[in-house]
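Structural description and commentary
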Amino acid sequence: MDVVTIYTEAQMQAYLEAHGRTARPASPYAVLFPALLVTHAIHHLQASGHKRLEQLVLWGGYTTPHGVVLASLLLPETEANWGCSSSRHTHGFGPRATELSAEDRRHPAGRQDGFLTLIVPGYASSGINFSQAGIWECRNLSWTRLAPDQVCSRLHIIEEEEVRRVLG
């Protein structure tokens with residue numbers, strides 16, 4: 001899959017700001033995951049994981065003074081065979097389960113600065129635990145794995161009351 005964009009990252013930031021829309025935050029930024037969406041994501045990932053097939057979810061959200069609050073969860077139906085999926089996904093078990101594979105690097109779901117990819121090991125059989133996942137951030141078209149302290153300070157699961165308070 002090739003990614004073709006109309007605007008560069010700088011042009012998109014300027015366009016959003018000129019039209020009164022919130023621009024992407026500069027890294028590092030917090031990402032707030034509503035618990036209900038996390039639960040739905042886990043069920044979606046595990047449905048294929050029980051068959052040892054990779055699966056993916058896509059998140060979208062809004063920038064707030066508290067960080068990016070995820071408000072949308074896309075649960076695509078992917079074509080998966082053992083060892084591969086047609087898009088971003090959970091990974092299996094083993095010492096490299098949270099690494100970006102060569103295929104992940106060639107065909108990421110996003111390439112904008114600050115884009116995060118979460119690789120959940122074990123087909124999400126133990127749920128989504130940020131400290132056990134591989135959290136990768138794109139910067140200048142290169143991927144860097146977040147250190148454990150960065151993961152703890154930036155990714156948080158929040159309850160519905162907190163979501164409502166943060167979104168206003």
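Above this text you will find the structure in question.
Rules and cut-offs
- Residues numbered from 1 in each chain as written.
- Predicted model: local features only at pLDDT ≥ 70, side-chain atom pairs only at ≥ 80, totals over all residues.
- Heavy atoms only, no water.
- Helix = DSSP H or I, 4+ residues; strand = E, 2+ residues; numbered from the N terminus.
- Buried < 20%, exposed > 50% of the residue type's maximum accessible area, 1.4 Å probe, protein only.
- Contact = heavy atoms within 4.5 Å.
- Areas by Shrake-Rupley, 256 points an atom, 1.4 Å probe, with all protein chains shown as cover.
- Pairing = 2+ DSSP bridges.
- Axes fitted to C-alpha atoms, helices over the stretch in contact; angles between N-to-C directions.
- Phe/Tyr/Trp six-rings, centres within 6.5 Å; stacked < 30°, edge-to-face > 60°.
- Expected span 1.5 Å × (residues − 1).

Some thoughts on the overall build of the chain
Scanning the chain from N- to C-terminus turns up five helices and nine strands. Counting from the amino terminus, helix and strand elements in the chain follow one another as α-β-α-β-β-β-β-α-β-β-β-α-β-α. Counting the 168 residues in the chain, one finds 41% classified as buried. At a minimum sequence separation of 6, the contacts of the chain that also span at least 24 residues come to 60%. Here the chain has roughly 9,900 Å² of accessible surface; of this, 54% comes from carbon and sulfur atoms.

With respect to unusual backbone geometry
The backbone phi angle of A124 is positive, close to 60°, even though this residue is not glycine. With respect to the helices, strands and loops of the structure, A124 is situated in the loop between strand 6 (116-119) and strand 7 (134-139). Phi at N140 is positive, roughly 55°, even though this residue is not glycine. With respect to the helices, strands and loops of the structure, N140 is situated in the loop between strand 7 and strand 8 (142-145). A relative accessible area of 67% places N140 in the exposed class.

As for the side chain of T117
Within the fold, T117 resides in strand 6. Taking the relative accessible area as the measure of exposure, T117 reaches 11% and is therefore buried. Apart from residues no more than four positions distant in its own chain, T117 is found in contact with L100, G134, I135, W136 and W143.

Focus on the sheet that holds strand 3 (residues 67-74)
Taken in spatial order, the four strands line up as 2-3-1-9 in an open sheet, and their pairing is mixed. Looking along the sheet, the strands with just one partner apiece sit at the ends: strand 2 (58-64) and strand 9 (155-158). The sheet shows a mean angle of 35° between the axes of neighbouring strands, direction not considered. Here strand 2 runs beside strand 3; their pairing, made up of seven bridges, is antiparallel. When the bridges of strand 3 are listed, T64 appears paired with G67.

A closer look at the packing of aromatic side chains
Under the counting rule described, the total for this entry stands at three aromatic pairs. Centroid distance F33 to W59: 5.1 Å. Interplanar angle 85°. Geometry classified as edge-to-face. Residue F33 is found in strand 1 (residues 31-34), and its partner W59 is found in strand 2; the two are separated by 26 residues along the sequence. Assessed through its relative accessible area of 3%, F33 is described here as buried. An angle of 45° between the planes, with centres 4.7 Å apart, marks the rings of F33 and F130 as tilted. Within this pair, whereas F33 is found in strand 1, its partner F130 is found in the loop between strand 6 and strand 7, the two being separated by 97 residues in sequence. Judged by its relative accessible area of 9%, F130 falls in the buried class.

A short note on helix 2 (residues 35-49)
End to end, helix 2 covers 20 Å across 15 residues, agreeing with the expected 21 Å (1.5 Å per residue, within 8%). Taken residue by residue, helix 2 has A35, L37, V38, A41, I42, H44, L45, Q46, S48 and G49 as its buried positions. Against strand 1, strand 2, strand 3 and strand 9 lie the buried residues of helix 2.

Read these as spatial facts, not as claims about activity.
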